[in-house]
Amino acid sequence: MSAPTEAQIAHQELIDQLDIHSIHKSFRSPHWRPNQRRNKNIKTILGDASRKEASIVATPQDDSGAATPAAIENDGLSTSGASTPAAPASGAASLQPNLAQASRSLSRLALEKSLRPNGSGGAGGVASSAPSATYTNIESAPSLAHSRRYCDVTGLPAPYLDPKSRLRYHNIEVFGYIRSLPQGAPEQYLEARGAHTILK
Amino acid sequence: MAPSAIDPPVSAAVPALPVPDEKTYPPARIYPMKEMRFEKHTPPQPDGREKALAQSSGSAAIVIDNGSSAVRAGWSFESQPRLSLPPIMAKYRDRKLGKTYSFAGADCYADTTARGHIRNAFEAGTNIVSNWDVMEHVLDWTFLKLGMNSAEGSIDMPIVLTEAVVNLPYSRKSMNEIIFECYGAPSLATGIDSLFSYRYNKGQTGLVVSSSYSSTHVIPVYNSKAMLAQAIRLNWGGYQAAEYLLKLMRLKYPAFPGKLNASQAENMLRDHCYVSKAYDDEIRSYLDWSGLEDRDVVIQYPYTEEVIIQKSEEELARQAERKKESGRRLQEQAAKMRLERLVRKEQDLEYYKNVQEKLADANKKETKRLLDAEDMKDEAHLERTIKELEKSVKKARTKDVGGDPEEEQDVPSFELLDVPDDQLDDAGLKQKRQQRLMKANHDARARAKAEKEAEKARVEEEERADRERRENDLEGWLEEKRVARNDTLQRIKDRDRLKADLGNRKSLASQIRMKSIANLASDGPRVKRRRGGDDDNFGANDDDWGVYRQIAVGENASDDEEGEEDLLGNLKMLEEDLLRYDESFTHEDTFEAQTNWSKSLLHAFLRGPRPFNVGAQSEIHQLHLNVERIRVPEVVFQPSIAGVDQAGLVEIASDILNQRLVGIPNINRDDFLRDVFLTGGNTLFENFDDRLRQGLTASLPADSPLRIRRASDPVLDAWKGAAEWVGSSGYKTATVTRAEWQEKGGDYIKEHELGNSYA
């Protein structure tokens, strides 16, 4: 093997300088051991949360009294809004809506819960009267407006649709181009518009 | 030679082809490709911490705007964030050195190996952190560079963090865990970035429109208090726009030799895209030729020019000379050899003539001896040899002189042919046979010559008739040519259609072809046979064989090409005639011009308003942005363009203003209209505010007091607002201390005006 060139040596020095692995970070707690499975995507987080909701509801609260919900809260894995200190505070009053929550989604649940009069946080009359927002329920609804059609290739207004590839096109020249596309390419054009076929 | 060329009056009658005018093009606007690069090493800045320690306790904090495009961090008492880094990290182990490397932020781009290991803290396309290891690394880097490594065991400064609008409880819990347990911070305050930006821009009541890197939010704010329950999120931001642009460019140039990545698309988006004020009108004429020059933007990717060795004039001349020289040498050699052979033959001839003379006055015995010495059978043999030699000598001589031996050859005598066989001896018969052959040969040659002459005369006659017709009845002649041209065009079209049809297995053309193949291949009795005789008569008609030609079309490319050349050549000749004599027919009307790039919409789309040189490496490595410049930013107003099934920004804003904010007691809807506030990197597009104004005006009552303003710095104002907020009364009530966190739980926060509610 040849000796490293000057550029290689300089690059190695730069990398060593940039590396933060070898630097001792005195500001970090030496006892910090993160949960190995803390990385979750949104889907998992929402799924876990709604499962948690369901399990709270399934627990027979009448029989076990306050002990069961408290145990759930203290398990350290609590992720949902329902297991926060606010939940036991409402006590028996929350029992009735809780039973109805079993089959509902998290967003509906949160919405309902916030409809309960609570005097929390000095939020003022405006905010507290409205249902509380969650990550899922603030998402914009589908548009009610009529969507315009644009050529999948050129982006120009598209009055035509190729029945074979399902692509929209602007004029006959673009049509000729569409027909000359290799296999699979029309599907990619559709994917850019979110109209492709998804096989599961 | 064609007679028309020698004939001066005729050649004068053929007018020259009109020359089309050459167009010149102004130089294109070419921009170099830009992408995220490693700039330089960021040294730790301990001075910030020293200043912070000097401040009275509680008034200084580390402010981190934890955004998905960039994490911006600095000290609350400063006016600018000190650090800005993308929320990424790269970690890998160098096996050769036995060392683990990890980088964060833009440092990841310094090394190729590191670049391959980049991971993002945020879930792609959202504002939610999903990879906490990366997040921790990014925070490590941030704290290191802020000079916090002198702190022992914990970060001894309060921290202010921004988080997503209605952050997920799990995310908040994980973040709190890291801040309090890993870094041991004394307190943490969280808030929403766009609200910090609004606060920094002195907003009280209004509609905050925050279009940032991973999402777009519309949040009404009343008396400095966000009404999060009325907020709406659209899942579209700079990240999605860049990905969409990237997708479009990959589809537009499927064979692009350079590597396209999202960071390049982000730069293109930032530099060249803008929001159209009237999208439908503008896009309709976007690829029109007039003004395309201004609308088309060229992005040049790096390339290496192919080296073409330019030979100097002198060198070329020398090369040609060398070639000529060697040719001459060969010719000389050949001539020399020919001469030698000729001399030898002449000597032979001389010798045999001598022999013949000797034979003339020799007796029989002597003759026999002489002939035997020469290996000859008899005198006739000798005579023949002499004759042959004479002929070849003559031929060689004429060749050297340069005459045509064929022409000069006189008609050989065929006198023996008329003599009946029985009057001839053996030698005579042989000679007669030879003469017959020669005669046939001679006659055939003469016939071919006559035929050639006749053909020449016929063409001449045709041309003359054509000319005559043109001179007498120009209109009729032109009409004929036009019809012929249209016919050729139609045939070209038909052929193309047939070709396309044969490509489709289900088309009629393909099916007919398959049928004839099956018919030809089958040995068994055919349908025909049942009707008629046993023989199908295939081949009786010459046209029958055409079936093989038919089934070969489409597979046999050379055959196909030949036909194409023929049609195109025909068309070209017809068009030349029309160009010469028809004043209304110009170069613009020719088939070539009609199918030229300057008539092609797709050419305008792919290559802009200039001809495309396939051979130029520089042009192959160019991307043309034209329609995309308004198509991509438009998605935030019409998400359906990119297949996002959500309402557009205008629809969302007008829904909030017209539906959600009316009917709430003590609230005047018009207060919000007076201050529509734009913040976030995705609102930086030119005309973004105009477009929103137009859209909202259309959905509001006529004299609504609509006012739209942009943040003074849509990108950094969130951090600045957060920094300014530190020390205010709102900040003091919003901070969660370590003790409170330990007592109240993982995702505990205090509700405040600029933050999320505690669900």
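Because the structure is predicted, anything quoted here is derived from the model rather than measured.

Caption draft 1: Local environment of the overall build of chain B. Counting its regular elements, chain B contains 31 helices and 18 strands. A compact globule built from 759 residues should have a C-alpha radius of gyration of about 27 Å, whereas chain B, at 47 Å, is more than 25% larger. Across its three principal directions, the C-alpha atoms of chain B cover 150 × 70 × 65 Å. For chain B, buried positions account for 43% of its 759 residues. Counted over contacts in chain B with a minimum sequence separation of 6, partners at least 24 positions apart contribute 68%. For chain B, the computed accessible surface area is about 41800 Å², with 50% contributed by carbon and sulfur atoms.

Caption draft 2: Broad picture of the UniProt feature "coiled-coil region" (unreviewed entry) in chain B. In the numbering used here, UniProt assigns the "coiled-coil region" (unreviewed entry) feature to residues 309–340 of chain B. Helix makes up 88% of residues 309–340 of chain B and strand 0%, and the two end C-alpha atoms of the span are 46 Å apart.

Caption draft 3: Geometry of the pattern of salt bridges. Residue and element names in this part refer to chain B. Here the structure, examined in full by the defined rule, presents 51 salt bridges over all chains. In this structure, Arg318 and Glu314 form a salt bridge, with 3.9 Å as the shortest nitrogen-oxygen distance. In this pair, Arg318 and Glu314 are both assigned in helix H12 (residues 313–360), 4 residues apart and thus about one turn of the helix distant. By relative accessible area, which is 47% here, Arg318 ends up partly exposed.

Caption draft 4: Broad picture of the sheet that holds strand E4 (residues 83–85) of chain B. Residue and element names in this part refer to chain B. Read from one edge of the open sheet, 6 strands run E4-E3-E2-E8-E9-E18, paired in mixed fashion. Edge positions in the sheet fall to E4 and strand E18 (736–737), since each has one partner strand and no second. Across 5 bridges, the pairing between strand E8 (residues 159–163) and strand E9 (residues 187–192) is parallel. Looking at E9, one finds that Leu161 is bridged to Thr190.

Caption draft 5: Up close: the nonpolar core. Ranked by size, the top nonpolar core spans 85 residues in total, and within it A:Val153, B:Trp236, B:Tyr244, B:Leu623 and B:Leu692 carry the most contacts. Per element, the largest residue contribution to this core is 8 residues, and it comes from helix H8 (residues 238–252) of chain B. Discounting residues that sit within four places of it in the chain, B:Leu692 has contacts with B:Val209, B:Phe637, B:Leu649, B:Val650, B:Val676, B:Leu678 and B:Ile708. Counting 52 residues, the second-largest nonpolar core is a separate cluster that includes A:Ile42, B:Ala104, B:Leu139 and B:Phe180.

Caption draft 6: Up close: the environment of A:Gly155. As for its placement among the helices and strands, A:Gly155 is situated in the loop between helix H8 (124–129) and strand E1 (160–161). Put simply, A:Gly155 and A:Tyr169 are 14 residues apart on the chain and 8.6 Å apart in space, counted from C-alpha to C-alpha.

Caption draft 7: Main features of the side chain of B:His624. All names here are of chain B. Within the secondary structure, His624 is located in strand E15 (residues 622–625). Judged by its relative accessible area of 5%, His624 is buried. Reaching out from His624, the side chain makes a polar contact with the side chain of Asp296 at a distance of 2.7 Å. Among residues more than four places away in sequence, those in contact with His624 are Met249, Lys252, Tyr253, Asp296, Val297, Val298, Phe605, Leu606, Arg607 and Gly608.

Caption draft 8: Expanded view of a nonpolar patch on the surface. Side chains of B:Phe538, B:Trp545 and B:Tyr548 sit close together on the surface and give an oily, nonpolar patch of about 310 Å² of accessible area. Along the chain, B:Phe538 falls in the loop between helix H19 (527–531) and helix H20 (546–552).

Caption draft 9: Layout of the interface of chain A and chain B. With 72 residues of chain A in contact, the opposing surface of chain B contributes 90 residues. Counting each side, the surface lost to burial between chain A and chain B is near 7100 Å², with a carbon and sulfur contribution of 58%. Counting the surface chain A buries against chain B, the share from its top three residues, A:Phe27, A:Arg38 and A:Tyr135, is 12%. Across the contact surface, chain A and chain B share 8 salt bridges. Two residues, B:Glu136 and A:Arg28, come together in a salt bridge whose shortest N-O distance is 2.6 Å. Here chain A and chain B share 41 residue pairs in polar contact (both at pLDDT 80 or more) between them. Those elements giving two or more residues to the side of chain A that touches chain B turn out to be helix H1 (6–18), helix H2 (42–58), H8, helix H9 (172–179) and helix H10 (185–192) of chain A. Broken down by element, the side of chain A that touches chain B gets its largest block of residues, 7 residues, from H1(A). Looking at the side of chain A that touches chain B, its residues break down into 34 nonpolar, 25 polar and 13 charged.

Caption draft 10: Fine view of the sheet that holds strand E1 (residues 30–32) of chain B. All names here are of chain B. With mixed pairing, 3 strands are arranged side by side in an open sheet as E1-E14-E15. Both edges of this open sheet fall to E1 and E15, since each of them pairs with a single strand only. With strand direction ignored, the average angle separating the axes of adjacent strands in the sheet is 30°. Pairing geometry for E1 and strand E14 (residues 297–300), over 3 bridges, is parallel. Along E14, the bridge assignment pairs Pro32 with Gln300.

Reading the values: rules and limits
- Residues numbered from 1 in each chain as written.
- Chains lettered and ligands numbered in written order.
- Predicted model: local features only at pLDDT ≥ 70, side-chain atom pairs only at ≥ 80, totals over all residues.
- Heavy atoms only, no water.
- Helix = DSSP H or I, 4+ residues; strand = E, 2+ residues; numbered from the N terminus.
- Rg over C-alpha atoms; globule rule 2.2 N^0.38 Å.
- Buried < 20%, exposed > 50% of the residue type's maximum accessible area, 1.4 Å probe, protein only.
- Contact = heavy atoms within 4.5 Å.
- Areas by Shrake-Rupley, 256 points an atom, 1.4 Å probe, with all protein chains shown as cover.
- UniProt positions renumbered as here; feature names shortened; annotations may be inferred.
- Salt bridge = Lys/Arg side-chain N within 4 Å of Asp/Glu carboxyl O.
- Pairing = 2+ DSSP bridges.
- Core = buried A, V, L, I, M, F, W, Y, C linked by side-chain atoms within 4.5 Å.
- Polar contact = N/O pair within 3.5 Å; in protein donor to acceptor, adjacent residues only side chain to side chain.
- Patch = residues over 30% accessible without salt bridge, like charges linked within 9 Å, V, L, I, M, F, W, Y side chains within 5 Å.
- Buried area = accessible area lost by both parts, 1.4 Å probe.
- Nonpolar A, V, L, I, M, F, W, Y, C, P; charged D, E, K, R; others polar.
- Axes fitted to C-alpha atoms, helices over the stretch in contact; angles between N-to-C directions.

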